[in-house]
Amino acid sequence: MNSASTLKDQVAVITGASSGIGAAVARNLSQAGMKLVLTARRSERIDSLAKEIGESASLMGDITEPSLPQKLLDLALQRFGRCDVICNNAGVVDVGPIEEIDIERVCRMVRINVEAAFRLAYAAVRHFKRINQGHLVNTSSILGTKVRPTAGAYAGTKYAIEALSEGLRMELAGTNVKVSCIEPGLVLTELHNHWKVHPTKSMNISSPLQPEDIARTIRFLLEQPAHIRIPRLLIMPGEQQL
Ligand SMILES: NC(=O)c1ccc[n+]([C@@H]2O[C@H](COP(=O)([O-])OP(=O)(O)OC[C@H]3O[C@@H](n4cnc5c(N)ncnc54)[C@H](OP(=O)(O)O)[C@@H]3O)[C@@H](O)[C@H]2O)c1
């Protein structure tokens, strides 16, 4: 454990902690000495992660259940007496051409990527503003900065996260509350497992980012001195063009 980390004994809530970026962030922040509240639907994944890392609490559930975001914050406060960081990370991706995209899946994506993320963001910043401290880290995407054909709806969910984050950052200027968006390019996780052609193939990327790369980047954001804000951070594999 890196006992020199300024994050030691701080508390983070991480959504989407059962795989990919969320699980890697949990491992990294636990190594920094943080106490964690973990959530996702797959309880066996969360249970095994909890056994592997340091002190943690967990609350399983579908993040679109409207009361879950506030319950996660409440759990952090009840179990650990504080909440310093919220990683608003759970998400899904649905893309496809006009003829094929499933509008019901798109609406489900909007509920997960936008509605649930907004609920957690507001629960977080209301608490952080009250105590004049805290850091909200939203997982956006390179597609929160640009659009690709067939991916307009997914990009729209991430543009929404970017807009909310920027509005909150402006509203919180002059306080000690930080809001950041992390904007990954292609990361090798389970996110694209249902795609007919994996983006590593269609984009010809042999070395995509790994979840640990994003975890290190988030740790970097969190360890900055109090006077620094990093509202957006784009991180891409070297081979990714678009
Ligand atoms: N991979 C990339 O290339 C990439 C690039 C840019 C941005 N991102 C963003 O990174 C974030 C994490 O994705 P990932 O790449 O790590 O993918 P992942 O491995 O598929 O992880 C997604 C996580 O979200 C959780 N989740 C999904 N739907 C949920 C729901 N309805 N309720 C509760 N939890 C739910 C999943 O948990 P359960 O299934 O167990 O519930 C899982 O823990 C997403 O916001 C994604 O948009 C990914």
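Higher on the page you've got the structure.
Residues numbered from 1 in each chain as written. Predicted model: local features only at pLDDT ≥ 70, side-chain atom pairs only at ≥ 80, totals over all residues. Heavy atoms only, no water.

Caption draft 1: Structural context of the overall build of the protein. Looking only at helices and strands, the protein features seven helices and seven strands. Shown N-terminal to C-terminal, the secondary structure of the protein runs as helices and strands in the order β-α-β-α-β-α-β-α-β-α-β-α-α-β. Scaling as 2.2 N^0.38, a compact globule of 242 residues should have a C-alpha radius of gyration of about 18 Å, and the protein matches this with 17 Å. Residue pairs in contact within the protein that sit at least 24 positions apart in sequence constitute 66% of those at least 6 positions apart. Summed over all atoms, the accessible surface of the protein reaches about 11,500 Å², with 52% contributed by carbon and sulfur. (Helix = DSSP H or I, 4+ residues; strand = E, 2+ residues; numbered from the N terminus. Rg over C-alpha atoms; globule rule 2.2 N^0.38 Å. Contact = heavy atoms within 4.5 Å. Areas by Shrake-Rupley, 256 points an atom, 1.4 Å probe, with all protein chains shown as cover.)

Caption draft 2: Molecular detail of the site of the ligand. In the neighbourhood of the ligand, 31 residues make up the surrounding shell, with Ser18, Ser19, Arg41, Tyr154 and Thr189 lying closest. A distance of 3.4 Å separates an oxygen atom of the ligand from a polar atom in the backbone of leucine 191. For the ligand, whose free accessible area comes to 880 Å², the fraction covered by protein is 95%. Every element with two or more residues in the shell around the ligand is listed here: helix H1 (20-31), helix H4 (103-131) and helix H5 (152-172). (Near = heavy atom within 4 Å. Polar contact = N/O pair within 3.5 Å; in protein donor to acceptor, adjacent residues only side chain to side chain.)

Caption draft 3: Main features of the environment of valine 13. Inspection of the secondary structure puts valine 13 in strand S1 (residues 11-15). A relative accessible area of 0% means that valine 13 is categorised as buried. Put simply, valine 13 and serine 58 are 45 residues apart on the chain and 9.3 Å apart in space, counted from C-alpha to C-alpha. Those residues in contact with valine 13 that lie beyond four places of it in its chain are Val37, Leu72, Ala76, Cys83, Val85, Ile86 and Cys87. (Buried < 20%, exposed > 50% of the residue type's maximum accessible area, 1.4 Å probe, protein only.)

Caption draft 4: Molecular detail of H4. Its 29 residues place the ends of H4 41 Å apart at the C-alpha level, agreeing with the 42 Å of an ideal helix rising 1.5 Å per residue. Approximately 30° is the largest bend angle found in H4, and it occurs at arginine 111. Put simply, aspartate 102 is the residue that caps the front of H4, since its side-chain oxygen is 2.9 Å from the backbone nitrogen of glutamate 104. Of the residues flanking the end of H4, it is asparagine 132, one or two places downstream, whose phi is positive at about 55°. (Expected span 1.5 Å × (residues − 1). Bend = angle between axes of the 7 residues up to and from the residue.)

Caption draft 5: Layout of the sheet that holds strand S5 (residues 134-139). The parallel open sheet is built from seven strands, whose spatial order is S3-S2-S1-S4-S5-S6-S7. Of all the strands in the sheet, the pair left with one neighbour each is strand S3 (56-58) and strand S7 (232-235). With direction set aside, neighbouring strand axes in the sheet form an average angle of 15°. The strands touched by helix H3 (residues 68-80) are S1, strand S2 (35-39), S3 and strand S4 (85-88); relative to S2, the strand with the most contacts, the crossing angle is about 150°. (Pairing = 2+ DSSP bridges. Axes fitted to C-alpha atoms, helices over the stretch in contact; angles between N-to-C directions.)

Caption draft 6: Quick look at the pairing of S7. Here S7 shows a clear split, with Leu233 and Ile235 buried on one side and none of Arg232 and Leu234 buried on the other. By the bridge criterion, four bridges tie strand S6 (residues 177-184) to S7 in an arrangement that is parallel. Across the sheet, glutamate 183 pairs through a bridge with leucine 234, a residue of S7.

Caption draft 7: The arrangement of the pattern of salt bridges in detail. The tally for this structure, following the rule as stated, stands at 14 salt bridges. Here glutamate 166 and arginine 169 are joined by a salt bridge, their closest N and O atoms 2.9 Å apart. Of this pair, glutamate 166 and arginine 169 both sit in helix H5, three residues apart, roughly one helical turn. The structure contains a network of salt bridges with shared partners spanning Arg42, Arg45 and Glu190. (Salt bridge = Lys/Arg side-chain N within 4 Å of Asp/Glu carboxyl O.)

Caption draft 8: Main features of the pairing of S1. In terms of residue burial, S1 counts as a mostly covered element, since five of its five residues are buried. Side chains of S1 alternate between two faces, with Val11, Val13 and Thr15 and Ala12 and Ile14 buried alike. When S1 meets S2, the two strands line up parallel, connected through five bridges. Residue pairing for S2: isoleucine 14 is matched across the bridge by leucine 38. Note on the crossover from S1 through H1 to S2: the handedness is right-handed. Here S1 runs beside S4; their pairing, made up of three bridges, is parallel. Among the inter-strand pairings, valine 13 is bridged to a residue of S4, identified as isoleucine 86. (Right-handed = clockwise from strand over helix to strand, strands pointing away.)

Caption draft 9: Summary view of the environment of glutamate 183. Mapped onto the elements of the fold, glutamate 183 is located in strand S6. Under the relative-accessibility criterion, glutamate 183 is labelled buried at 2%. In this structure the C-alpha to C-alpha distance between glutamate 183 and threonine 139, which are 44 residues apart in sequence, comes to 6.6 Å. Those residues within four positions of glutamate 183 in sequence are excluded, and the remaining contacts are Ser140, Ser141, Ile142, Thr145, Glu162, Arg232, Leu233, Leu234 and Ile235.

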